[in-house]
Amino acid sequence: MSSERWSDRDLRAFVVRAPRLSWGDGELADVDRRAFRAQFVAIAAAGIQARVLAEVGALTSPEGLAVLGCEMLEDYVDARKRDWLLVCAEPWAYLEQWIAEAVVKTYRATIRRRDKDAKVLEGIAAASSRSALEGGGGEQA
């Protein structure tokens, strides 16, 4: 594949090769990964960044999104979504949607966990007496 913008056919060819990249020549696999990541940044990253920012208010890295996309395709994360990517009319648009959904879901799960931890800590603080907190937390004899 050349350095020109990848077509839908080029993307599909990479999607088929991706799960097998680790089986062959490591140097060729790295070239393939770098090519995909560069194309991803040029074609899909901005759309994903806009969607994630609009949905959850989070900023994302174009290169980070490209790495995630490559990893998801290489690790065969979701066979049904991968299969749809191969047959749909607009695979780049679908890849954007798929990656954006994964990032938003991960972000929300991470924030929910942090919020839950904060609520637990607030509950502990509210249940503790002020004098126990100021005195080091233990009962004094």
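Residues numbered from 1 in each chain as written. Predicted model: local features only at pLDDT ≥ 70, side-chain atom pairs only at ≥ 80, totals over all residues. Heavy atoms only, no water.

*Asks:* Help me understand helix α3 (residues 62-74), please; the structure alone is not making it clear to me.
*Replies:* Along an α-helix, residues three or four positions apart point the same way, because every turn accommodates 3.6 residues. Over its 13 residues, α3 extends 18 Å from the first C-alpha to the last, a length consistent with the 18 Å expected when each residue adds 1.5 Å. By the burial criterion, the buried members of α3 are Leu65, Ala66, Gly69, Cys70, Met72, Leu73 and Glu74. Looking at the residues trailing α3, positive phi occurs at tyrosine 76, about 55°. (Helix = DSSP H or I, 4+ residues; strand = E, 2+ residues; numbered from the N terminus. Expected span 1.5 Å × (residues − 1). Buried < 20%, exposed > 50% of the residue type's maximum accessible area, 1.4 Å probe, protein only.)

*Asks:* When you look at the side chain of aspartate 32 in this model, what are you seeing that I'm missing?
*Replies:* For aspartate 32, the position within the fold is in helix α2 (residues 26-56). Relative accessible area serves as the criterion here: at 15%, aspartate 32 is assigned to the buried category.

*Asks:* What exactly am I supposed to notice about the confidence of the model for the protein chain here?
*Replies:* Caution applies to low-pLDDT regions: their predicted coordinates should not be interpreted in detail. Of the residues in the protein chain, 81% have a pLDDT of 70 or more, and the chain-wide mean is 85. The secondary-structure element of the protein chain with the lowest mean pLDDT is helix α6 (residues 130-134), recorded at 58, while α3 shows the highest, at 95. (pLDDT = per-residue confidence, 0-100.)

*Asks:* Help me out: how do you make sense of the environment of valine 104 in this one?
*Replies:* Its place among the elements puts valine 104 in helix α5 (residues 91-127). Taking the C-alpha atoms as reference points, valine 104 and leucine 53, separated by 51 residues in sequence, lie 9.2 Å from one another. Apart from the residues within four sequence positions on either side, valine 104 is in contact with Val52, Glu55 and Val56. (Contact = heavy atoms within 4.5 Å.)

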